[in-house]
Amino acid sequence: MRKALITGINGQDGSYLAEFLLEKKYEVHGIMKRNSVSETQAIRVEHIADKIVLHYGDITDLSSLIRIISDVQPDEIYNLAAQSHVRISFDEPIYTSQATGVGALNVIEAVRLLKLNTKIYQASSSEMFGNNIDDDGYQREDTKMLPVSPYGISKLFAHNMGINYRHSYDMFISNGILFNHESPRRGTNFVTNKVCKEAVKIKLGLTNKLKLGNLDSTRDWGHAKDYVGAMWMILQQETPDDFVCATGISHSVKDLVKYVFDKLNLDWTQYVETDNKYLRPEELNDLKGDSTKLRDLTGWKPKYTFESMLDEMVEYWLEYFYKQIKINND
């Protein structure tokens, strides 16, 4: 039985990846940062709590990583932990750099110091490209990277450290350059789930306004469940490398809003307002990925479409609030 260690196992990607690896008959371990309110921090993995092993640790604390990795002796490590909200990275640039950038280096360095042959997956990000895009409108592995946020800069540091350690110490470190991926488990301060949740609340008369930032920015959105499969495929290759994972189709935030509100038979223009509070100091305008390299080598392809992903998220919130209303009425 192969052993996998997932940092950030209690996040969106970590929880889906844990489920995926359990289906592959892995022994799954996860690292969680200890929060003062611990009751809800493992909510995304509650349903598999008896099938995984959780460890308290922090990627900013090298000693805790060395302790856990030494105890677990994992065959594979998936480093998914980070301060992952781009807008918030402007408010917390130092912490974002420590957690997202140096934290990844700590994971890699821990494996090197322990002299293990562990394969490492580093969660890189499309935010590393910034506003650079190839002439055909796509971003790919060799597109110039010039990030425009502390988050993107931190991810690029981690990405390049992975490449450096791969070459310098002959370590198996692969970078997955994942474009935006969403699900009902996405934090509700991310635009996709924010739109779905608030639109449902408007439909049910629980609120009457949705405030957003730039409606014209475009993103290549996929489903997290599809993308964790790509993470695993990347680590099953004979040699480590860097791979873009994307749908190849982009939509604007306005497209997202219109689709969700139309699904609920609402006129979005009556409820949506822009608020400068949600604008970034430096905007990233367009993201659209070319995942030809990944698809050709592994056969990966997404099962979800933009529309089916949003349908699932809307249905989740409808069911959630109907249950809340029923409980309140009872």
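Residues numbered from 1 in each chain as written. Predicted model: local features only at pLDDT ≥ 70, side-chain atom pairs only at ≥ 80, totals over all residues. Heavy atoms only, no water.

Residue-level account of the overall build of the protein, with values.
In terms of helices and strands, the protein carries 10 helices and 13 strands. In terms of overall dimensions, the protein is globule-like: its C-alpha atoms have a radius of gyration of 20 Å, near the 20 Å expected for 330 residues. Overall, the C-alpha framework of the protein stretches about 60 × 55 × 40 Å when taken along its three principal axes. For the protein, the exposed surface amounts to about 15,100 Å²; the carbon and sulfur share of it is 48%. On the protein, the mean spot of the 39 positive side-chain charges and the mean spot of the 46 negative ones are 3 Å from each other. (Helix = DSSP H or I, 4+ residues; strand = E, 2+ residues; numbered from the N terminus. Rg over C-alpha atoms; globule rule 2.2 N^0.38 Å. Areas by Shrake-Rupley, 256 points an atom, 1.4 Å probe, with all protein chains shown as cover. Lys, Arg positive; Asp, Glu negative; His and termini not counted. Charge placed at Lys NZ, Arg CZ, Asp CG, Glu CD.)

Let's hear about the sheet that holds strand 3 (residues 52-56): which residues, and what values?
One open sheet accounts for 7 strands, arranged 3-2-1-4-5-6-11; its pairing is parallel. The sheet is open, and its two edges are formed by strand 3 and strand 11 (242-245), each paired on a single side. Going across the sheet, the axis of each strand differs from the next one's by a mean of 20 degrees, ignoring polarity. Relative to strand 2 (residues 27-32), strand 1 (residues 3-7) is paired through 5 bridges, and the arrangement is parallel. (Pairing = 2+ DSSP bridges. Axes fitted to C-alpha atoms, helices over the stretch in contact; angles between N-to-C directions.)

Tell me about the side chain of Ser 291, and please be specific about residues and values.
Its place among the elements puts Ser 291 in the loop between strand 13 (272-274) and helix 9 (292-298). Here the side chain of Ser 291 touches Ala 246 through a polar contact of 3.0 Å, landing on its backbone oxygen. (Polar contact = N/O pair within 3.5 Å; in protein donor to acceptor, adjacent residues only side chain to side chain.)

Describe the nonpolar core, listing the residues and the values that go with them.
Ranked by internal contacts, the top residues of the largest apolar core, which has 34 residues, are Ile 6, Leu 21, Val 28, Tyr 78 and Tyr 121. Every element with two or more residues in this core is listed here: strand 1, helix 1 (12-23), strand 2, strand 5 (119-125), helix 7 (224-235) and strand 11. Ranked by the residues each element gives to this core, the list is headed by helix 7, at 8 residues. Leaving out residues up to four positions away in the same chain, Ile 6 has contacts with Gly 14, Leu 17, Ala 18, Leu 21, Val 28, His 29, Gly 30, Ile 31, Tyr 78 and Leu 80. Core analysis: the second largest hydrophobic core is formed by 26 residues, Trp 221, Leu 256, Trp 268 and Val 272 among them. (Core = buried A, V, L, I, M, F, W, Y, C linked by side-chain atoms within 4.5 Å. Buried < 20%, exposed > 50% of the residue type's maximum accessible area, 1.4 Å probe, protein only. Contact = heavy atoms within 4.5 Å.)

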